[in-house]
Amino acid sequence: MRKIVVVEHLTLDGVMQAPGAPDEDVRGGFEHGGWAAPGNDAVMGGEMAKGMGGSELLFGRLTYERFHSFWPNQPAPNPFTEVLNNTRKYVASTTLTGPLPWVNSTLLAGDATKAVAELKKEPGADIAVLGSGELVRSLMRHDLVDVYKLMIHPLVLGSGRRLFPEGGPLAGLRLTDSVTTTTGVVIATYRP
């Protein structure tokens with residue numbers, strides 16, 4: 001059975017909203033976008049590259065649209081564009097219609113949790129979920145997440161959308177690996 005691997009940047013207070021850019025996600029008046037960039041270093045790049053190309057990807061609509069608007073347009077050579085273009089991508093959305101514009105993308109229309117549960121049963125590579133907070137929280141509620149790879153930044157924002165919201169499901173996790181970057185980011189891998 002394939003595994004669902006959630007890959008997220010988080011602050012110490014659990015915020016996952018808009019790690020990449022100031023205008024990435026301003027929902028709720030969020031003003032701290034781009035907070036993860038100072039934590040990037042060669043250690044993080046190496047850890048993230050370990051899984052590149054070996055898994056398929058799963059996105060919610062917003063994250064898919066943001067990735068599609070950026071990565072296919074990046075100049076070569078860079079280590080990510082070619083891999084992302086060539087990787088099978090699944091997109092959970094109730095508002096998009098196919099065909100999707102990014103090569104190797106498949107729309108999972110309807111109930112995302114049912115579609116992901118079926119994907120897990122199929123033969124193939126593990127499936128990594130990048131960002132996609134609403135989707136991840138839905139997968140957690142249905143016990144569909146097998147691995148959490150969390151890049152925990154030494155930063156407290158005090159506001160923003162969180163991976164583990166108040167009132168979310170109880171989850172006992174076991175630490176299976178950890179790496180600390182030169183910038184103090186702890187890359188922790190957990191399994192339920």
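Quick caveat, the model's predicted, so the values are computed rather than measured. (Residues numbered from 1 in each chain as written. Predicted model: local features only at pLDDT ≥ 70, side-chain atom pairs only at ≥ 80, totals over all residues. Heavy atoms only, no water.)

Student: What am I meant to see in the sheet that holds strand S8 (residues 186–191) here?
Tutor: Strand pairing in a sheet relies on backbone hydrogen bonds, with the paired strands running either antiparallel or parallel. Reading across from one edge, S4-S3-S2-S5-S1-S6-S8-S7 is the order of the 8 strands in this open sheet, with mixed pairing throughout. At either end of the open sheet lies a strand with only one pairing partner, and these are strand S4 (105–108) and strand S7 (174–180). Within the sheet, the average angular offset between the axes of one strand and its neighbour, ignoring direction, is 25°. The pairing of strand S3 (residues 89–92) with S4 spans 4 bridges and is classified as parallel. Each residue of the ladder has a partner; that of Tyr 90, found in S4, is Thr 106. On the sheet, helix H1 (residues 42–51) packs against strand S1 (4–11), strand S6 (147–153), S7 and S8 and is oriented at approximately 170° with respect to S6. The sheet contacts of helix H5 (residues 133–141) involve S1, strand S2 (56–60), S3, strand S5 (127–130) and S6, and relative to S2 the element is tilted by about 105°. (Pairing = 2+ DSSP bridges. Helix = DSSP H or I, 4+ residues; strand = E, 2+ residues; numbered from the N terminus. Axes fitted to C-alpha atoms, helices over the stretch in contact; angles between N-to-C directions. Contact = heavy atoms within 4.5 Å.)

Student: Where do I start with the nonpolar core in this structure?
Tutor: For soluble globular proteins, the rule of thumb is that nonpolar side chains tend to be buried together. By size, the foremost hydrophobic cluster in this structure holds 25 residues, and its most contacted members are Leu 58, Leu 108, Val 116, Val 129, Leu 135 and Leu 139. For this core, the secondary-structure elements that each account for two or more residues are S1, S3, helix H4 (112–121), S5, H5 and S6. Counting residues in each nonpolar core, the second largest holds 18 residues, with Val 91, Leu 96, Ala 128 and Val 185 among its members. (Core = buried A, V, L, I, M, F, W, Y, C linked by side-chain atoms within 4.5 Å. Buried < 20%, exposed > 50% of the residue type's maximum accessible area, 1.4 Å probe, protein only.)

Student: Before we go on, may I ask you to explain the layout of surface pockets in this structure?
Tutor: Take a probe with the size of a water molecule and roll it over the atoms, and the empty space left behind shows itself. Put simply, the second largest pocket is a space of about 210 Å³. Residue lining of the second largest pocket: 14 residues in total, with Met 140, Asp 143, Tyr 148, Leu 170 and Ala 171 positioned closest to the centre. (1 Å grid on protein atoms, 1.4 Å probe; cavity = no way out; pocket = protein on both sides within 12 Å on 5 of 7 lines; lining within 4 Å. Points joined across faces, edges and corners; volume = space filled by probe spheres on them.)

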